[in-house]
Amino acid sequence: MSDSDTGAMGRSQGETVRLSTIRLSVNDQVRQLEVDPRTSLLDALREHLRLSGTKKGCDHGQCGACTVLVNGRRVNSCLTLAVMHEDDEIVTIEGLGDPDDLHAMQRAFVERDGFQCGYCTPGQICSAVGMLAEVEAGWPSHATADVSAPQVALTDEEIRERMSGNICRCAAYPNIVAAIRGTAQGGL
């Protein structure tokens, strides 16, 4: 490889990457990591912290399989750098509940059969939890019929619009919508 080739790649063969030491608060635990500053939050969660519930789907922010909650808001973890989240509260699917004490949304997905293969399910569930918080805060979406209403009417169309960033290749959408609606209504 010539010098011009390595320069085009951005680093010479002998050059080392300076690691960044960061502290992330993930699922109510503060963890210290040494990462390449270019490490995505997704890779920090999966590869460094061994939290494999967050899935790598497209790695371009188009499928939603990597959705986690950052300060209560849903984020595609493949599109953000881990070093950007030192002072944030990060919640993954593992932090929402556990097998003995499932989060209401996790229970609803099980009860309503809101998954098929399960690959997208962690991102779907995290996104749904964040989406319900947005509805509770009164944030309108493209499908909101009356943006001046004090409360957003959570219709099936509204749920589908708000969840459109999460793809389910198995097409469990009707059951996903039912699970979210059931959770929003306070029951299964």
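Residues numbered from 1 in each chain as written. Predicted model: local features only at pLDDT ≥ 70, side-chain atom pairs only at ≥ 80, totals over all residues. Heavy atoms only, no water.

K.L.:
Which parts of the structure should I look at to understand the overall build of the protein?
P.N.:
Scanning the protein from N- to C-terminus turns up seven helices and five strands. Counting only C-alpha atoms, the protein reaches 60 × 35 × 35 Å along its principal axes. When each of the 188 residues of the protein is scored for burial, the buried share is 41%. At a minimum sequence separation of 6, the contacts of the protein that also span at least 24 residues come to 53%. Total accessible area on the protein is roughly 10,500 Å²; 47% of this is exposed by carbon and sulfur atoms. (Helix = DSSP H or I, 4+ residues; strand = E, 2+ residues; numbered from the N terminus. Buried < 20%, exposed > 50% of the residue type's maximum accessible area, 1.4 Å probe, protein only. Contact = heavy atoms within 4.5 Å. Areas by Shrake-Rupley, 256 points an atom, 1.4 Å probe, with all protein chains shown as cover.)

K.L.:
Honestly, the packing of helix H4 (residues 104-111) against helix H5 (residues 121-136) in this entry has me stumped. Any pointers?
P.N.:
Packed helix pairs are characterised by how far apart their axes lie and by the angle those axes make with each other. Running from N to C, H4 and H5 cross one another at 125 degrees; their axes reach a closest spacing of 10 Å. On the basis of their axis angle, the class for H4 and H5 is oblique. In this structure, H4 meets H5 at a crossing whose hand is right-handed. Note on element contacts: H5 touches H4 through Thr 121, Gln 124, Ile 125, Ala 128, Val 129 and Leu 132, opposite Met 105, Gln 106 and Phe 109. Tallied by class, the residues present in the contact of H4 with H5 amount to six nonpolar, three polar and no charged. (Axes fitted to C-alpha atoms, helices over the stretch in contact; angles between N-to-C directions. Parallel < 35°, antiparallel > 145°, perpendicular 65-115°, else oblique. Left-handed = near helix turned anticlockwise from the far one by under 90°. Nonpolar A, V, L, I, M, F, W, Y, C, P; charged D, E, K, R; others polar.)

K.L.:
I tried to follow the pairing of strand S3 (residues 67-70) on my own but got confused; where do I start?
P.N.:
A regular strand places its side chains on the two faces of the sheet in alternate fashion. Across the two faces of S3 the burial is the same, with Thr 67 and Leu 69 and Val 68 and Val 70 all buried. With four bridges connecting them, S3 and strand S4 (residues 73-76) associate as antiparallel partners. Paired with Val 68 across the strands is Val 75, a residue of S4. What sits between the antiparallel neighbours S3 and S4 is a turn of two residues, in which Asn 71 has the positive phi angle 55 degrees. Bridge count for S3 against strand S5 (residues 89-91) is two bridges, and the pairing is antiparallel. The partner of Leu 69 across the bridge, within S5, is Val 91. (Pairing = 2+ DSSP bridges.)

K.L.:
Whenever I open this one, H5 confuses me. Can you help?
P.N.:
Helical geometry: 3.6 residues make up each α-helical turn, so side chains three or four residues apart lie on a common side. Compared with an ideal rise of 1.5 Å per residue, which puts 16 residues at 22 Å, H5 spans 22 Å between its outermost C-alpha atoms and is within 8% of the ideal. Of all 16 residues in H5, 14 are buried; the element is thus mostly enclosed. Among the residues trailing H5, Gly 138 stands out with phi positive, at a value near 85 degrees. (Expected span 1.5 Å × (residues − 1).)

K.L.:
What is the right way to read the environment of Val 91 from this model?
P.N.:
Summarising the element assignment, Val 91 is placed in strand S5. Here Val 91 falls in the partly exposed class, since its relative accessible area comes to 23%. For the pair Val 91 and Thr 155, spaced 64 residues apart in sequence, the C-alpha separation works out to 27 Å. Among residues more than four places away in sequence, those in contact with Val 91 are Asn 27, Val 68, Leu 69, Leu 96 and Cys 126.

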